[in-house]
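What follows is the residue order along each chain.
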Amino acid sequence: LHRWHSMRRACPSCGKSINALGNTTPVTAAPLGVATATSTETAFFNVGTTKLVLMSVSTFNIYVLYWLYKNWVAERELSGALITPWARALFAVIFIHSLAARVRDRLIAVEQIPVIQPGAITIGFIGLCLCERLPDPWWLLSSLLGFVLVPVQNEMARINAALGAPRGEESK
């Protein structure tokens, strides 16, 4: 069913059918949705880095789940891929590399030079998640998870700026 559904969808840029993964066209191999963003929408969740860090620390990383969910929703809408945002946010340890890699690829698509390394983001994310298992008081290191996501958020802000997306209230 998944293969049948993804084969029926077409790229909004070139009109060709989407590959089996649902994220690029076989002809252009360009990430879907890069050309579809307008000035009235944002490619990714607009949030300031200070807010990201403060909210993640003060909520003991519950805000990180919300941030991941919102960005996976935005990626699904932008790419047209068959993504389940709540599952990707809940199992972030598995999918954080995919999100960072998609951000890097989208930066390349909007002709920006990416700064982040998805592998380094993944290692930092998993490392801080594992800190939760440490004895008192070292488990508190896991509340610093928002700091690992700051480079990803900065790159998302660059993508939003390149696409002409307005900075919303969330970014303050």
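So, how was this worked out
- Residues numbered from 1 in each chain as written.
- Predicted model: local features only at pLDDT ≥ 70, side-chain atom pairs only at ≥ 80, totals over all residues.
- Heavy atoms only, no water.
- Core = buried A, V, L, I, M, F, W, Y, C linked by side-chain atoms within 4.5 Å.
- Buried < 20%, exposed > 50% of the residue type's maximum accessible area, 1.4 Å probe, protein only.
- Contact = heavy atoms within 4.5 Å.
- Helix = DSSP H or I, 4+ residues; strand = E, 2+ residues; numbered from the N terminus.
- Phe/Tyr/Trp six-rings, centres within 6.5 Å; stacked < 30°, edge-to-face > 60°.
- Lys NZ or Arg CZ within 6 Å of the ring centre and 35° of its normal.

**Q** For this particular structure, what's the right way to read the nonpolar core?
**A** Side chains of a nonpolar character, in soluble globular proteins, are inclined to be buried together. With 33 residues, the main nonpolar core has W67, L68 and F125 as its most contacted residues. Contacts of W67, omitting those with residues within four sequence positions, involve F45, V47, L52, L99, L149, V152, Q153 and M156.

**Q** Where do I start with unusual backbone geometry in this structure?
**A** Backbone geometry follows two general trends: most residues other than glycine have a negative phi, and most peptide bonds adopt the trans configuration. A cis amide bond links D136 to the next residue, P137, at an omega of -10°. The backbone of N61 sits at a positive phi, close to 75°, despite the residue not being glycine. Note on N61: relative accessible area 13%, which makes it buried. Backbone geometry at E111 places phi at a positive 60°, although glycine is not the residue there. Secondary-structure assignment places E111 in the loop between α5 (92-109) and α6 (118-130).

**Q** I keep staring at the packing of aromatic side chains and nothing clicks. Help me out?
**A** Counted according to the given criterion, the structure contains 3 aromatic pairs. A cation over an aromatic ring shows up here: R88 above the ring of W72, its NZ or CZ 4.7 Å from the ring centre.

**Q** In this structure, what is going on with the environment of T84? I would like to understand it.
**A** Among the structural elements, T84 can be located in the loop between α3 (62-79) and α4 (85-90). Spatially, the C-alpha atom of T84 lies 8.0 Å from that of V73, the residues being 11 residues apart in sequence.

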